[in-house]
Amino acid sequence: MADASKANPQGVERLGYLGLGLMGTPMTRRLLKAGYQVTVWNRSEGKVAPLVEAGAKRAATPRDALANSDIVFMCVTDADAVEEVIFGHEGISGASGAGKLVVDFSSIHPDAARNLATRLKAANGAGWIDAPVSGGTKGAEEGTLAIMAGGEATAIERVRPYILAMARRFTHMGAIGAGQTTKLCNQVIVGCAMAVLAEATRLAVNAGIDANRLPEALAGGFADSIPLQLFVPRMVQGIHSPPLGHIATMLKDLDTIADVAQATSTPVPMATLAGQLFRLAKTARGADADALEIYKLSAEER
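The structure contained in this document is the topic of the report that follows.

1. Overview of the nonpolar core
So, step 1. Among the nonpolar cores identified, the biggest contains 35 residues, and Tyr17, Met27, Phe73, Phe105, Ile147 and Ile163 are the most heavily contacted of them.
So, step 2. Put simply, the parts of the chain that give this core at least two residues each are β1 (15–18), α1 (24–33), β2 (38–41), β4 (71–74), β5 (101–104), β8 (145–150), α7 (153–163) and β9 (167–174).
So, step 3. It is α7 that contributes the most residues to this core, five residues altogether.
So, step 4. Residues within four places of Ile163 in sequence aside, it is in contact with Phe73, Val103, Phe105, Ile147 and Phe170.

2. Here we look at the packing of helix α8 (residues 178–206) against helix α11 (residues 247–263)
So, step 1. Remark: α8 packs on α11, axes separated minimally by 9 Å, with the N-to-C direction vectors making an angle of 120 degrees. The orientation of α8 relative to α11 falls into the category oblique. As for how α8 packs across α11, the hand of that crossing is left-handed. Of α11, the residues touching α8 (which contributes Lys183, Leu184, Gln187, Val188, Val190, Gly191 and Met194) are Met250, Asp253, Leu254, Thr256, Ile257 and Val260.
So, step 2. Along the lines of polarity and charge, the residues of the contact of α8 with α11 split into eight nonpolar, three polar and two charged.

3. So, the side chain of Thr256
So, step 1. Tracing the backbone shows Thr256 in helix α11.
So, step 2. Assessed through its relative accessible area of 13%, Thr256 is described here as buried.
So, step 3. Once you skip the residues sitting within four places of it in the chain, Thr256 turns out to touch His109, Pro110 and Leu184.

Quick notes on the rules
- Residues numbered from 1 in each chain as written.
- Predicted model: local features only at pLDDT ≥ 70, side-chain atom pairs only at ≥ 80, totals over all residues.
- Heavy atoms only, no water.
- Core = buried A, V, L, I, M, F, W, Y, C linked by side-chain atoms within 4.5 Å.
- Buried < 20%, exposed > 50% of the residue type's maximum accessible area, 1.4 Å probe, protein only.
- Helix = DSSP H or I, 4+ residues; strand = E, 2+ residues; numbered from the N terminus.
- Contact = heavy atoms within 4.5 Å.
- Axes fitted to C-alpha atoms, helices over the stretch in contact; angles between N-to-C directions.
- Parallel < 35°, antiparallel > 145°, perpendicular 65-115°, else oblique.
- Left-handed = near helix turned anticlockwise from the far one by under 90°.
- Nonpolar A, V, L, I, M, F, W, Y, C, P; charged D, E, K, R; others polar.

What follows is the structure, encoded as structure tokens:
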């Protein structure tokens, strides 16, 4: 077992993971591979069984997951899903949370994170860390995620050994809500990058050059980036399974950016345009399509 006791004075703790989707499943597998005890829960049983076979314990409800864990990680689709897992029927709030922590990897509005944390603390005493992630499914599988966190410093250090079994970088950005705000900054860059790379790739294709070679040709220059190297080949070759992320998820984040920008009097013209492009992509390709299918918006009809 990974020796978390050297980094965590409380010793190796029992872990839980709620939400076994594109990110939750590979992240849980990394915790199991590191030797940790993990109790899992998901709305659909089909995603639970493979992890139980890999060594996880099954929880019948979110409440049972917290009851049998010291730290519970969670990654679900949006604030409504988080609300349901915490305060819905058989939710986390129904279990004793004194001395326990909930770490939310979901990407939600910073105000929602602060509200949920306050209400959960009042309901059962559990602490809260908002810790949205960046790096997509590839990062989750390889343990190279970047995770940005909001919460108390002591809580951050308590979970750090476990987080670093799933991520390469774990940065404390401030009080609760700061992690979500940092993720919005991340999504300004990523959402705009997807739109711009789709544009550059289409220009290459329409002008008759081999767009597959753009990452090679631009490597090391000012245009080089992880998105360039990862996204362009997938766009050109039509690789969308498994998706790096869903169109609906990116659009949700870009809409949240617009809301926070309005509240803080922040001009975000590029992110606003990216949001409208993803809204078109949602209509054209479907909410659950890979976000990189934004590239297909500019395809010629045949």
